[in-house]
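Each chain, written out:
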Amino acid sequence: MAREIVVSEKKKLVLALLALQFCFAGFHIVSRVALNIGVSKVVYPVYRNIIALLLLAPFAYFLEKKERPPLTFSLLVQFFLLALLGITANQGFYLLGLYYASPTFASAMQNSVPAITFIMASALRLEQVNFRRRDGLAKVVGTVASVGGATIITLYKGPPLLQDSKKIQNWTWGCIFLLGHCVSWAAWMVLQAPVLKKYPAKLTLTSFTCFFGLIQFIVIAAFVDPDINRWKIESGEELFTILYAGIVASAIVFSLQTWCIHKGGPVFVAVFQPMQTLLVALMASLILGDQLYSGGILGAICIVLGLYLVLWGKSEEKKVENQEKEKENSLTKHLLNDDDDESRDIP
């Protein structure tokens, strides 16, 4: 009976992860559609973050009343920086990259985020690397493979794999912007870790991040796209893309991802990431008529292999750490037991 419950829980987790990848893949396609029909690159994220904030803020307010620490000026500055990296730069570079490149390679480039995060965390000494162990070497080799794959995608387009290809506006600039998107995403994750230690209310932290990101995008929009007509939603297609971005890609994805990480752990969740690239490639080919290029495929393979090496290294590192802790605990217990025995022998 217990075994059946465990199997059932694992099935739920796998189904939830598949649903999560479909939601992510759909966002790549929907965002490309939004750009194709002329939705502004700054108006689109403004509406997206308004919807996400309206959905998340009430839950944050009522569910985290007791665990929410008092706000300080220092925390607000850190929330602002998180928004600058995780919302403004992240979403802004993504839309620019998507405009110049394609949804398939936007998704492929995102697989390099764990490796870029590892580089940043190592540079800041938040991540330790032991070159004498297999896990340390795996993380380094995986990082090199991921960065190398991203470089291949950026610098080498290669011949098309199919005929009747659509001309992409500027492949190199698209990949550079997507790399900026990945770097800002990785920096957001690195900065978020110490902030969460000071402010563990995750929903409230996310709500503040959305709020400051929204303010930043509104200020950018005032200079970049001041035309009021650009803010009007003139078709059902535009409305659908904005609602999908706000409800599915922000609110539902955040909740689903949090649940999956809680049930399966971050490594297990990250293993499903490359499936998103496959789904995007299929959907983009069928819906948008996008082309695949040999250079992009080669780079994507390198990135995925690098991703799995980094994840395997992290998994092995945790096993080694747990084994060392168990040894320390058993040694401590043994010493304490010996002390107790000696005290009993004393008349």
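Throughout this description, residue numbers start from 1 for each chain and increase along the sequence as written. Only residues with pLDDT of 70 or above have their local features reported here, since the model is predicted, and side-chain atom pairs are shown and tallied only from 80 upward, although totals for entire chains, interfaces and linings are computed over all residues. Derived side-chain values reflect all non-hydrogen atoms in the structure, with water molecules and hydrogen atoms excluded from consideration.

A. Structural detail: the overall build of the chain. Helix and strand assignments follow DSSP, with helices taken as H or I runs no shorter than four residues and strands as E runs no shorter than two, numbered in order from the N terminus. Scanning the chain for helices and strands turns up 12 helices and zero strands. When the helices and strands of the chain are placed in sequence order, the string is α-α-α-α-α-α-α-α-α-α-α-α. By residue count, 44% of the 347 residues in the chain fall in the buried class. About 18,800 Å² of surface is accessible on the chain, with carbon and sulfur atoms providing 67% of the total. Burial status follows relative accessibility: with a 1.4 Å probe on protein chains alone, a residue under 20% of its type maximum counts as buried, one over 50% as exposed, and anything between as partly exposed. Where accessible areas are quoted, they stem from the Shrake-Rupley method and a 1.4 Å probe; at the residue level, only the protein chains shown are allowed to cover.

B. Examining helix α9 (residues 236-264) more closely. Residue V253 marks the point of greatest curvature in α9, where the axis turns by about 35°. Within α9 the residues assigned to the buried category are E238, T241, I242, Y244, A245, G246, V248, A249, S250, A251, V253 and C260. The seven residues ending at a residue and the seven starting there each receive a fitted axis; the angle between those axes is the bend at that residue.

C. A look at the nonpolar core. Membership of the largest hydrophobic core comes to 43 residues, with the highest contact counts inside it found for L17, F27, Y44, Y94 and I153. At 10 residues, helix α1 (residues 2-36) tops the list of elements feeding residues into this core. Think of a nonpolar core as a cluster: buried Ala, Val, Leu, Ile, Met, Phe, Trp, Tyr and Cys residues, connected wherever their side-chain atoms sit within 4.5 Å. Membership of the second largest hydrophobic core comes to 10 residues, among which are L53, L56, A60 and L214.

D. How the structure looks around a nonpolar patch on the surface. Without a salt bridge and with relative accessible area above 30%, a residue can belong to a patch; like charges are then joined within 9 Å and nonpolar side chains (Val, Leu, Ile, Met, Phe, Trp, Tyr) within 5 Å. In what follows, salt bridge is the name for a side-chain nitrogen of Lys or Arg lying within 4 Å of a carboxyl oxygen of Asp or Glu. A surface patch of nonpolar side chains, amounting to about 640 Å² of accessible area, comprises F211, I215, I218, V219, I220, F223 and V224. Tracing the sequence through the fold places F211 in helix α8 (residues 202-224).

E. A look at the pattern of salt bridges. If you walk through the whole model with that rule in mind, you get one salt bridge. Note that R230 and D225 form a salt bridge whose closest N and O atoms lie 3.3 Å from each other. Accessibility expressed as a relative area gives 38% for R230, which makes it partly exposed.

F. View of the packing of helix α7 (residues 171-198) against α8. Every angle, taken between N-to-C directions, lies between 0 and 180 degrees, and every axis is a line fitted to C-alpha atoms, over only the stretch in contact when it is a helix. Across the interface, α7 lies against α8 with an axial gap of 12 Å and an inter-helix angle of 130°. Between α7 and α8, the interaxial angle falls into the category oblique. Once α7 is placed against α8, the crossing between them reads as right-handed. Contact residues: W188, Q192, V195 and L196 in α7; K202, L205 and T209 in α8. Side-chain classes are defined by residue name, with Ala, Val, Leu, Ile, Met, Phe, Trp, Tyr, Cys and Pro counting as nonpolar, Asp, Glu, Lys and Arg as charged, and the others, Gly among them, as polar. When the residues that make up the contact of α7 with α8 are grouped by side-chain class, the tally is four nonpolar, two polar and one charged. When an angle is under 35 degrees it counts as roughly parallel; over 145 it counts as roughly antiparallel; between 65 and 115 it counts as roughly perpendicular; any other value is oblique. Throughout, a crossing is termed right-handed when the near helix is turned clockwise from the far one, and left-handed when it is turned anticlockwise from it by less than a right angle. In this analysis, two residues are considered to be in contact whenever any of their non-hydrogen atoms come within 4.5 Å of each other.

G. Layout of the side chain of S250. Looking at where S250 falls in the secondary structure, it is placed in helix α9. Residue S250 is classed as buried on the basis of its relative accessible area, which comes to 12%.

H. Molecular detail of the packing of aromatic side chains. Pairs were defined over the aromatic rings of Phe, Tyr and Trp, the Trp ring being its six-membered one, requiring ring centres within 6.5 Å. Orientation was assigned from the angle between planes: stacked under 30 degrees, edge-to-face over 60, tilted for the rest. Applying the stated criterion to the full structure yields 12 aromatic pairs. Pairing F79 with Y199 gives two aromatic rings, centres 5.2 Å apart and planes at 75°, and the pair type is edge-to-face. Of the two residues, F79 is situated in helix α3 (residues 73-100) and Y199 in the loop between α7 and α8; the sequence distance between them amounts to 120 residues. We classify F79 as buried; its relative accessible area is 0%. Pairing F211 with F212 gives two aromatic rings, centres 5.4 Å apart and planes at 65°, and the pair type is edge-to-face. Grouping aromatic residues by their ring pairs yields a cluster made of F93, Y99, Y100, W173 and F177.

I. The packing of helix α4 (residues 103-110) against α7, seen in detail. Packing of α4 against α7 brings their axes to within 9 Å, and their N-to-C directions diverge by 35°. With respect to the hand of their crossing, α4 and α7 are arranged in right-handed fashion. Contacts between α4 and α7 involve F105, A106, M109 and Q110 from the first element and W171, C175, L178, L179, H181, C182 and W185 from the second. For the contact of α4 with α7, the residue count by class is nine nonpolar, two polar and no charged.

J. Spotlight on the environment of G38. Note that G38 resides in the loop between α1 and α2 (43-63). The exposure class assigned to G38 is partly exposed, which follows from its relative accessible area of 35%. Separated by 192 residues in sequence, G38 and R230 place their C-alpha atoms 9.0 Å apart.

K. Region of the structure containing the environment of R32. Position of R32 among the secondary structure elements: in helix α1. Residue R32 is classed as buried on the basis of its relative accessible area, which comes to 10%. Between the C-alpha atoms of R32 and L98, which are 66 residues apart in sequence, the distance is 6.7 Å. Here R32 is in contact with L98, Y99, A101, P103 and L288, once residues within four sequence places are set aside.

L. The arrangement of the confidence of the model for the chain in detail. Residues with a pLDDT of 70 or more make up 86% of the chain, whose mean pLDDT is 81. pLDDT runs from 0 to 100 and stands for how confident the predictor is about each residue. No element of the chain has a lower mean pLDDT than helix α10 (residues 266-271), at 68, and none a higher one than α3, at 93.

M. The side chain of Q78, seen in detail. Structurally, the position occupied by Q78 is in helix α3. Residues in contact with Q78, not counting those within four places in the same chain, are V195 and K198.

N. The arrangement of the environment of T104 in detail. If you trace the backbone, T104 turns up in helix α4. According to the relative accessible area criterion, T104 is buried, its value standing at 5%. Along the backbone, T104 and Q276 are 172 residues apart, and their C-alpha atoms lie at a distance of 9.2 Å.

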